[in-house]
Amino acid sequence: MAIITVAHTKGGVGKSMISWNLAGAFNGTILDLDFQRTLTRNNELRKQFGLKPFKVLEISSPDEFLSAMKKASLSEYIIVDTGGFDDNLVRLAIAYANIIITPAFENNSELFGLQTFADILNEIQQQINHEISSCVLINRAYHNATNFEVIKSICNSSPKFRLMNTIIRDRSIYRKTFNAAQTIYESTNFQAKSEINSLKKEIEQRIVNAIKECI
Ligand SMILES: Nc1ncnc2c1ncn2[C@@H]1O[C@H](COP(=O)(O)OP(=O)(O)OP(=O)(O)O)[C@@H](O)[C@H]1O
Ligand SMILES: [Mg+2]
């Protein structure tokens, strides 16, 4: 079992969009921790549109989260979509994760957004007995942008963050497919598919590396 928690206390950075497409990439189970139920609702739409639905569990409490963990099979990929806020449930999903993915934008407001999130990661770490850090995923990067100095400098200066090699660009196809309750794999967009494939590979590699570090 691998638990991929997509989390950032900042709203609207692409947590649900990334979680949705990761569920497509890994054929994973979605745990929907956001009271807005974005992915639960999109999955309902999938059914209405005659598409094969994902397994989506609505989780509202730490007990429900732990019970879902107990029931998960060894080969299952669990994708946890969290809301853009901080509570005990989100903290539990962060503490349990094999990998934490934090989508972020290349702009100055991330200096504050990611600092807030780093403080939360530090607080969680004090309550559990292993180091945690989050993989920062640049999302909605402008078409040709190559300068990501804001995000790079945050990641270089905080032990809580590791910058991912994968970059997700701002592409209307991500919105179009999501609004049609599809993943990027149900589109013909080669570039977006290769971005999500690259993200999948990088996640697999980082999970393997983290296991090796523990041995
Ligand atoms: N790479 C992208 N390209 C284009 N649009 C994107 C991209 N990533 C996210 N979006 C769009 O940005 C909006 C916000 O994304 P999303 O709902 O996934 O954010 P969120 O972090 O889950 O927000 P919340 O904190 O409210 O749960 C959505 O309309 C989504 O389709
Ligand atoms: Mg969301």
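Predicted model only: the values in this text are computed from it and were never measured.

Analysis parameters
- Residues numbered from 1 in each chain as written.
- Chains lettered and ligands numbered in written order.
- Predicted model: local features only at pLDDT ≥ 70, side-chain atom pairs only at ≥ 80, totals over all residues.
- Near = placed C-beta within 6 Å.
- Nonpolar A, V, L, I, M, F, W, Y, C, P; charged D, E, K, R; others polar.
- Buried ≥ 20, exposed ≤ 12 C-beta atoms within 10 Å, placed from the backbone.
- Helix = DSSP H or I, 4+ residues; strand = E, 2+ residues; numbered from the N terminus.
- Pairing = 2+ DSSP bridges.
- Right-handed = clockwise from strand over helix to strand, strands pointing away.
- Core = buried A, V, L, I, M, F, W, Y, C linked by C-beta atoms within 7 Å.
- Contact = placed C-beta atoms within 7 Å.
- UniProt positions renumbered as here; feature names shortened; annotations may be inferred.
- Arc of directions from axis to C-beta.

Visitor: Could you clarify how one ought to interpret the site of ligand 1 in this entry?
Guide: Ligand 1 sits among 19 residues. The nearest are Gly11, Gly14, Ser16, Met17 and Gly84. Within the shell around ligand 1, the residues separate by chemical class into five nonpolar, eight polar and six charged.

Visitor: Just to check I follow, could you spell out the pairing of strand S5 (residues 99-104) for this structure?
Guide: Every other side chain in a regular strand lies on the same face of the sheet, so the side chains alternate between the two faces. Burial runs high along S5: six of the six residues are buried. Pairing analysis gives three bridges linking strand S1 (residues 2-6) to S5, with the strands arranged parallel. Directly across from Thr5, in S5, lies its bridge partner Ile100. Pairing of S5 with strand S6 (residues 134-141) involves four bridges; the strand directions are parallel. Residue pairing for S6: Thr102 is matched across the bridge by Val136. The β-α-β motif built from S5, the intervening helix H5 (residues 110-127) and the parallel element S6 has right-handed crossover chirality.

Visitor: What am I meant to see in the nonpolar core here?
Guide: The tendency in soluble globular proteins is for nonpolar side chains to be buried as a group. Grouped together as the largest cluster of nonpolar side chains are 52 residues, with contacts concentrated most on Ile4, Ile79, Val80, Ala93 and Leu137. What Ala93 contacts, discounting residues up to four positions off in sequence, is Thr5, Ala7, Leu33, Phe65, Val80 and Thr82.

Visitor: Would you mind going over the environment of Leu137 with me for this structure?
Guide: Along the chain, Leu137 falls in strand S6. For Leu137 and Asn165, which are 28 residues apart along the polypeptide, the C-alpha to C-alpha distance reads 7.9 Å. Excluding its chain neighbours within four sequence positions, the residues that come into contact with Leu137 are Ile18, Ile101, Thr102, Pro103, Ala104, Met164, Thr166 and Ile168.

Visitor: Explain the UniProt feature "domain: CobQ/CobB/MinD/ParA nucleotide binding" (unreviewed entry) in the protein here, please?
Guide: UniProt's feature table lists "domain: CobQ/CobB/MinD/ParA nucleotide binding" (unreviewed entry) at residues 4-173, given in the numbering used throughout. For residues 4-173, the end-to-end C-alpha separation is 23 Å, with 42% helix and 22% strand making up the annotated structure.

Visitor: It is not clear to me how helix H6 (residues 149-157) should be interpreted in this structure. Could you clarify?
Guide: Because an α-helix completes one turn every 3.6 residues, residues spaced three or four positions apart along the sequence face the same direction. Regarding H6, the residues found buried are Ile151, Ile154 and Cys155. In a view along the axis of H6, the buried residues occupy a sector of 95°, so they form one face of it. Exposed residues lying more than 90 degrees from the buried face of H6 are Glu149, Ser153, Asn156 and Ser157. On its buried side, H6 packs onto S5, H5, S6 and strand S7 (161-169).

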